[in-house]
Amino acid sequence: MLETFKQLAHPYDALSAEIPGGKVVERRLSQLQGCFADEAAYQAALEKEDSLLYRVTAIEPADGTGDLHYGLGALYPGKIGNEYFLTKGHLHSAREAAEVYIGLSGSGYMLLEDEQSGESRLEPLGKGSVVYVPGYTAHRTMNTSTEPLTYFGIYPANAGHDYGAIAERNFLKILVEENGKPTLKDR
Ligand code: PAN
Ligand code: ZN
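Reading the values: the criteria
Counting of residues starts from 1 at the beginning of each chain's written sequence and follows it residue by residue. The order in which chains are written sets their letters, starting at A; the order in which ligands are written sets their numbers, starting at 1. Per-residue local features are limited, in this predicted model, to residues with pLDDT of at least 70; the limit for side-chain atom pairs, both in listing and counting, is 80 or more; totals at the level of whole chains, interfaces and linings are taken over all residues. By convention in this description, side-chain values take in all heavy atoms of the structure and omit both hydrogens and water. Elements are defined by DSSP. Helices are runs of H or I of four residues or more, strands are runs of E of two residues or more, and each kind is numbered from the N terminus. Each radius of gyration reported is based on C-alpha atoms, and the globular scaling rule is 2.2 Å times the count of residues to the power 0.38. The buried label goes to any residue with under 20% of its type's maximum accessible area, the exposed label to any with over 50%, and the partly exposed label to all in between, with areas taken from a 1.4 Å probe on protein chains only. Throughout, the Shrake-Rupley method with a 1.4 Å probe supplies accessible areas, and for residues the shown protein chains are the sole cover considered. We count Lys and Arg on the positive side and Asp and Glu on the negative side, and we leave His and both chain ends out. By convention, charge coordinates are those of NZ in Lys, CZ in Arg, CG in Asp, or CD in Glu. Throughout, the term near means that a residue has one or more heavy atoms lying within 4 Å of the molecule or strand in question. Pairing of N or O atoms within 3.5 Å defines a polar contact, subject to two protein rules: one partner must be a possible hydrogen donor and the other a possible acceptor, and residues neighboring in sequence count only if both atoms are side-chain atoms. Three residue categories are used. Nonpolar comprises Ala, Val, Leu, Ile, Met, Phe, Trp, Tyr, Cys and Pro, charged comprises Asp, Glu, Lys and Arg, and polar comprises the others, including Gly. With water omitted from the atoms examined, metal sites may look incomplete; donors here are N, O and S atoms no farther than 2.8 Å from the metal, or 3.2 Å in the case of Na, K and Ca. All geometry calls rest on donor angles, where a four-donor set with angles between 85 and 135 degrees is tetrahedral, four- and six-donor sets with opposite donors more than 155 degrees apart and all others between 65 and 115 are square planar and octahedral, and all else is irregular.

### Examining the overall build of the chain
And step 1. Within the chain, the regular secondary structure consists of two helices and 15 strands.
And step 2. For 187 residues, the compact-globule estimate of 2.2 N^0.38 gives 16 Å, and the chain sits close to it at 16 Å.
And step 3. Dimensions along the principal axes, computed over C-alpha positions, put the chain at roughly 55 × 35 × 30 Å.
And step 4. Residues classed as buried in the chain amount to 44% of the 187 residues present.
And step 5. Surface accessibility of the chain: about 9700 Å² in total, with carbon and sulfur atoms responsible for 52%.
And step 6. In the chain, 17 side chains carry a positive charge and 26 a negative one; their mean positions are 3 Å apart.

Listed below in structure tokens is the structure:
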């Protein structure tokens, strides 16, 4: 078994979310159509620059039962209108698949939304904090600081990413800056 793995240890750079040999996904503003509540602010920001919002590098060592995949994410600081930069967010295709997020640097939050009940929870993610994302829960990350929010997400190899279901109905809550503080509001 062990001999089938070419590489088990990987060096990583958190601020750039780089892991040599990993699968890189970059998300720019133009790819987050419909995610931000303030459509006019979104269009105005996009006209100025199609900024890089985040990068994720995934390591997928094996695909069998019991195997794990993980991703290193760097979500850069910024806002669209008063809403903090965020990830698209998703459910796992295998709905029961949970995930552990380990904060490395910066600070922000994870918005969790139960697919069935629509119940929302806001949990802090950043340096010194770790978040357990239960199965059947849509999850999105938001950066409320002025530096990159970096983290590892570790999930079952068969989890898969379903972006469609949550994009269609959107998260029910948004995280905006109000009186200088992150505030969770109804969309
Ligand atoms: C994470 C996410 C990462 C980017 O690795 O993929 O934070 O967010 P989106 O995938 O929603 O664009 C994870 O939750 N993996 O399962
Ligand atoms: Zn996930």
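Having seen the structure, we can now continue with the description.
### Quick look at the site of ligand 1
And step 1. Near ligand 1, the surroundings consist of 14 residues, among which Tyr-54, Tyr-101, Tyr-151, His-161 and Tyr-163 are the closest.
And step 2. Measuring from an oxygen atom of ligand 1, one finds a backbone N or O atom of Gly-89 at 2.8 Å.
And step 3. Between Glu-99 and ligand 1, the recorded distance is 2.8 Å, taken from a side-chain N or O atom to an oxygen atom.
And step 4. Protein contact buries 96% of the 400 Å² of open area that ligand 1 shows by itself.
And step 5. For the shell around ligand 1, a count of residues per class yields six nonpolar, six polar and two charged.

### Digging into the coordination of the zinc ion (ligand 2)
And step 1. Coordination sphere of the zinc ion (ligand 2), protein contribution only: His-90 (NE2), His-92 (NE2), Glu-99 (OE) and His-139 (NE2), at 2.1 to 2.3 Å.
And step 2. Note that the zinc ion (ligand 2) binds six donor atoms; their angles at the metal cover 74 to 175 degrees, and the shape is octahedral.
And step 3. Mapping the donors of the zinc ion (ligand 2) onto the primary sequence yields the spacing H-x1-H-x6-E-x39-H.
And step 4. Exposure remark for Glu-99: the relative accessible area of 5% places this residue in the buried category.

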